[in-house]
Amino acid sequence: MSARNEIGYERVLVPVGDKSDPNMLTELSSILVDPRRGAVRFTHVTTDRSFVGSQENWRTGSDSVAESQHTLREEGIESTGTIRTASTALDGILEEAEEYEADAILIGWTDKDSVSSLVDKLLRKASCDVIVFSANRDPIDTDSILVPVVVQPDENRLQMLAIMSQRTDASITFAYVAGGEGTEEEGRALLDESAERLAEYGVQAETELKSASNAIDALGELSADHDVMVIGTSRGWWLRKSLFGRKTDKIASAAQCSILMHKWQGEVPPES
């Protein structure tokens, strides 16, 4: 996903569990994939090597993969499915991504410690874009997207925002919380420049400047008026080195909307 005239990812990998899709990754993939030439692969990774456990995991995993494939095919989007056995879920996802030559991995964000650890490692080791999503509602019904900024958004993130906006007709609002590390004057300049850069992708953005001593609480309040909040993982983001772990859980808990974390290819997340 590099040229500005592209309207989505070409190869999206979506790991699925053995149950339903609580974070609506199937629906999100239909928004982010290029409808003209893109495809989505659903994969289920099993780590249970016992005969009984392996058979059960394969059966339930196959059902989940088939259900997701059927949903996209009904929308006219090409999709495939695989079942993979690996020593760990992380290894299985990374191996599948490499074989598929995926340019994005979509994975759900929950409050389970094991999943949080998997997501943390995936963000650091994947060589493609990684999008982590916690659904508050169906992403197809998104009307408004909130994007907190502290530095200029990378062109990869701007393009993803443009894709989401154009495919859902959602508005984009860049937000800056002053009072911690930046001034209102710096925030206004950053917001104006962010909106100007997104306009180059054909999307007009709104801006919101807020002063507060607690950025997490402020964003939680702002999120009440939006459907999705998009955050990044770079050291330039306003949470600096405290993005993962407990801070991440606090952001997700404070948000009153769906939350999407985007790591673009080549971006290096901060250390925990």
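This text follows the structure it describes.
Note that this is a predicted model, so its numbers are computed, not measured.

Draft legend 1. Representation of the overall build of the protein within the structure. Regarding its fold elements, the protein presents eight helices and ten strands. Across the 272 residues in the protein, those meeting the buried criterion constitute 51%. Considering only contacts within the protein whose residues lie at least 6 apart along the sequence, 80% involve residues at least 24 apart. By element, 44% of the accessible surface of the protein is carried by carbon and sulfur atoms, the whole surface being about 12,500 Å².

Draft legend 2. Local environment of the nonpolar core. Residues Leu-32, Ile-145, Met-160, Leu-161, Phe-174 and Leu-260 are the most contacted members of the largest nonpolar core, which totals 39 residues. Sequence-distant contacts of Leu-32, that is, excluding residues within four places in its chain, are made with Gly-8, Tyr-9, Leu-106, Ile-131, Met-160, Ile-163 and Met-164. Formed by 33 residues, the second largest nonpolar core is a distinct cluster that contains Ile-93, Ala-97, Val-132 and Leu-219.

Draft legend 3. Geometry of the pattern of salt bridges. Under the criterion given, the structure shown has eleven salt bridges. Where Glu-96 meets Arg-41, a salt bridge forms, and the shortest distance between an N and an O atom there is 3.0 Å. Of this pair, Glu-96 sits in helix 3 (residues 89–100) while Arg-41 sits in strand 2 (residues 39–46), and the two are 55 residues apart along the sequence. Of the residues examined, Glu-96 reaches a relative accessible area of 3% and is grouped as buried. Judged by relative accessible area, Arg-41 falls into the buried class, the value being 19%. Here Glu-99 makes a salt bridge to Arg-84, at a shortest N to O gap of 2.9 Å. One end of the pair, Glu-99, is in helix 3; the other, Arg-84, is in strand 3 (residues 78–85), with 15 residues separating them in the sequence. Given the relative accessible area of 14%, Arg-84 is considered buried. Taken together, the shared-partner salt bridges connect Arg-41, Arg-84, Glu-95, Glu-96 and Glu-99 into one network.

Conventions we followed
Residues numbered from 1 in each chain as written. Predicted model: local features only at pLDDT ≥ 70, side-chain atom pairs only at ≥ 80, totals over all residues. Heavy atoms only, no water. Helix = DSSP H or I, 4+ residues; strand = E, 2+ residues; numbered from the N terminus. Buried < 20%, exposed > 50% of the residue type's maximum accessible area, 1.4 Å probe, protein only. Contact = heavy atoms within 4.5 Å. Areas by Shrake-Rupley, 256 points an atom, 1.4 Å probe, with all protein chains shown as cover. Core = buried A, V, L, I, M, F, W, Y, C linked by side-chain atoms within 4.5 Å. Salt bridge = Lys/Arg side-chain N within 4 Å of Asp/Glu carboxyl O.

That is the geometry; function is a separate question.
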